[in-house]
Amino acid sequence: MNHEIIMNTFKHWIITLKRYWKNLLIMKTKILSKVDYNLLNKLHEKAIEQTVNFMYKQELFNLLEFKSKYDLLSFALSKVENQDLIIELGVYKGTTINFLAEKQKSKIIYWFDSFLWLPEDRRGKFKKGVFALKTRPMIRENVVLIEWFFNETLPIFVKQKKWKRLWLVHVDCDLYSSTYDALNCLDPLITSWTLVLFDEYWWYPWWETGEHKALLDYCSQNNKHFTYIAYNSNFQQVLIQMG
């Protein structure tokens, strides 16, 4: 009798342990299913954290905040006077240049792009050769397109000396090298009035090695200074003023 009781008790515990183990596995599966194992997503999360830390470290508490890139562009354009020069570097299919041209219908806006390809790899999925266009974008009548690489077209453009001052540069060069070259080529036109709007300044993986680093290196090389003015709180754009 005692042996039968012991066996039944043992069987009961075996069944209970199996049920417990099964439930534990189910719970583990549910927990793991909620964990994001995508490394790129984790890199973006880390980049946002690094950007926030950078803002705190630089004490950027008084930056003007805008909810979109186009609100930020509109703010920059509100400071432009009739004789001021506006330049856009890059921007692929022309959405931003047409926005600028629509807002400044009485002005000529200069747009520089090669339309050929990305000359080197850029952060992960953007490989050398992407962004090439077989046909040119439709642009407004007050846009002048200057086509080829920045380090060849900008020096010729700068030598013309037609403008009172360079007021706004929209930088969407994609790469450190292109951004650095463009800023150096434009240096004779850059004054303490000049606003530079960077399209991909921060909060993406390795943002410290892109447009941000190009700006710092340009300023160090040319004894320039700048002030942070505004940013897009929903993406990567930052507006600075040279000084």
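Residues numbered from 1 in each chain as written. Predicted model: local features only at pLDDT ≥ 70, side-chain atom pairs only at ≥ 80, totals over all residues. Heavy atoms only, no water.

*Asks:* Got a minute to help me understand the pairing of strand β7 (residues 226-232) in this structure?
*Replies:* Side-chain positions along a regular strand alternate between the two faces of the sheet. Bridge analysis of strand β1 (residues 64-66) against β7 gives 3 bridges, and the strand direction is parallel. The residue of β7 that forms the bridge with Phe66 is Asn232. Looking at chain direction, β7 and strand β8 (residues 238-242) are connected through 5 bridges and run antiparallel. Across the sheet, residue Tyr228 finds its bridge partner in β8, namely Ile240. Linking β7 to β8, which pair antiparallel, is a turn of 5 residues. (Pairing = 2+ DSSP bridges. Helix = DSSP H or I, 4+ residues; strand = E, 2+ residues; numbered from the N terminus.)

*Asks:* Can you help me understand unusual backbone geometry in this one?
*Replies:* Of all residues except glycine, most have a negative phi; of all peptide bonds, most are trans. With a phi close to 150 degrees, Trp148 is a non-glycine residue in the positive phi region. Relative to the elements of secondary structure, Trp148 occurs in the loop between β4 (143-147) and α5 (150-158). Taking the relative accessible area as the measure of exposure, Trp148 reaches 35% and is therefore partly exposed. Of note in the backbone geometry, Trp206 takes a positive phi value of approximately 65 degrees without being a glycine. As for its placement among the helices and strands, Trp206 is situated in the loop between β6 (195-198) and α7 (211-222). (Buried < 20%, exposed > 50% of the residue type's maximum accessible area, 1.4 Å probe, protein only.)

*Asks:* Explanation requested: the sheet that holds strand β5 (residues 165-172) in the structure shown.
*Replies:* Adjacent strands of a sheet form backbone hydrogen bonds with each other and so pair up, either parallel or antiparallel. Taking strand neighbours across the sheet as the criterion, the 8 strands line up as β1-β7-β8-β6-β5-β2-β3-β4 in an open arrangement whose pairing is mixed. Of all strands in the sheet, those bounded by a partner on one side alone are β1 and β4. Across this sheet, the average inter-strand angle for adjacent strands is 20 degrees, counted without regard to direction. As paired strands, strand β2 (residues 84-90) and β5 are joined by 7 bridges and run parallel to one another. Bridge pairing in β5 links Glu88 to His170. (Axes fitted to C-alpha atoms, helices over the stretch in contact; angles between N-to-C directions.)

*Asks:* Could you clarify how one ought to interpret a nonpolar patch on the surface in this entry?
*Replies:* Together, Ile48, Val52, Tyr56 and Phe61 give the surface a local cluster of nonpolar side chains, amounting to about 420 Å² of exposed area. With respect to the secondary-structure elements, Phe61 resides in the loop between α2 (39-57) and β1. (Patch = residues over 30% accessible without salt bridge, like charges linked within 9 Å, V, L, I, M, F, W, Y side chains within 5 Å. Areas by Shrake-Rupley, 256 points an atom, 1.4 Å probe, with all protein chains shown as cover. Salt bridge = Lys/Arg side-chain N within 4 Å of Asp/Glu carboxyl O.)

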